[in-house]
Amino acid sequence: MKISIRGDKVTVTKSMKEYITEKLGKLDKYFESPKATECKVLIKVKNQDQSIEVTVPTSKFTLRAEERHPDLYAATDFQNTYLAFADECSPVRRQRVNV
């Protein structure tokens, strides 16, 4: 999966990039062609909360998750779980598996 990470009013550190890339890399198994799949990540800070927005456009649908938490790493874990659950529950995913 091609992952582009950018920060809005925050500097994205190497450790943040590595952590996000590791977590989102686990979603590769849900896509037919993971190397061609692009993922856009936006990290924002507002007051004490850090938010992470992840958008994964595919040819059939777009997966999107946004999570706010004081700890960026916890927010990353929550949104990653949501994306995996959303892809598993997608009718397109069920069709692909049942074929």
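Just so it is clear, the model here is predicted, and its values are computed rather than measured. (Residues numbered from 1 in each chain as written. Predicted model: local features only at pLDDT ≥ 70, side-chain atom pairs only at ≥ 80, totals over all residues. Heavy atoms only, no water.)

Turning to the overall build of the protein chain, a few remarks are in order. Along the protein chain, the regular secondary structure elements total 3 helices and 4 strands. Across the protein chain, helices and strands are ordered from the amino to the carboxyl terminus as β-α-β-β-β-α-α. A total of 99 residues make up the protein chain; the buried ones form 36% of that total. Taking contacts inside the protein chain between residues at least 6 apart in sequence as the whole, the part at least 24 apart equals 49%. When the accessible surface of the protein chain is totalled, it reaches about 6,300 Å², and 50% of it is carbon and sulfur. (Helix = DSSP H or I, 4+ residues; strand = E, 2+ residues; numbered from the N terminus. Buried < 20%, exposed > 50% of the residue type's maximum accessible area, 1.4 Å probe, protein only. Contact = heavy atoms within 4.5 Å. Areas by Shrake-Rupley, 256 points an atom, 1.4 Å probe, with all protein chains shown as cover.)

When pLDDT is averaged across the protein chain, the result is 77; 78% of the residues are at 70 or more. At the level of individual helices and strands, the protein chain shows its lowest average pLDDT in helix 3 (residues 91-98), which scores 40, and its highest in strand 1 (residues 2-8), which scores 91. Scored below 50 in pLDDT, residues 91-99 shows 11 contacts in the model against residues more than four places distant or in partner chains. (pLDDT = per-residue confidence, 0-100.)

With that settled, consider the pairing of strand 2 (residues 38-46). For strand 1 and strand 2, the ladder comprises 7 bridges, and the chain directions are parallel. Residue pairing in the sheet places isoleucine 3 in a bridge with cysteine 39 of strand 2. With helix 1 (residues 14-25) bridging strand 1 and the parallel strand 2, this β-α-β connection has left-handed handedness. Bridge count for strand 2 against strand 3 (residues 49-57) is 7 bridges, and the pairing is antiparallel. Within strand 3, the position partnered with valine 45 by the bridge is glutamine 50. Taken together, strand 2 and the strand that follows it, strand 3, pair antiparallel across an intervening segment of 2 residues, in which asparagine 47 is found at a positive phi of about 55°. (Pairing = 2+ DSSP bridges. Right-handed = clockwise from strand over helix to strand, strands pointing away.)

Quick look at the sheet that holds strand 2 now. The 4 strands lie next to each other as 1-2-3-4, forming an open sheet whose pairing is mixed. With partners counted over all chains shown, the strands left at the sheet margins are strand 1 and strand 4 (62-69), one partner each. Going across the sheet, the axis of each strand differs from the next one's by a mean of 15°, ignoring polarity. (Axes fitted to C-alpha atoms, helices over the stretch in contact; angles between N-to-C directions.)

The next point concerns the pattern of salt bridges. One pass over the full model with this rule turns up 4 salt bridges. Two residues, glutamate 53 and arginine 64, come together in a salt bridge whose shortest N-O distance is 3.4 Å. Linking glutamate 53 in strand 3 with arginine 64 in strand 4, this pair joins segments that are 11 residues apart in sequence. Since its relative accessible area comes to 12%, glutamate 53 is described here as buried. Residues glutamate 66 and arginine 64 are paired through a salt bridge, measuring 3.7 Å at the closest nitrogen-oxygen approach. When salt bridges with common partners are traced through the structure, they connect Lys44, Glu53, Arg64, Glu66 and Arg68 into a single cluster. (Salt bridge = Lys/Arg side-chain N within 4 Å of Asp/Glu carboxyl O.)

This part takes up unusual backbone geometry. Phi is positive for lysine 9, close to 65°, though the residue is something other than glycine. Inspection of the secondary structure assignment puts lysine 9 in the loop between strand 1 and helix 1. Positive phi outside glycine occurs at asparagine 47, with the angle close to 55°. Judged by its relative accessible area of 71%, asparagine 47 falls in the exposed class.

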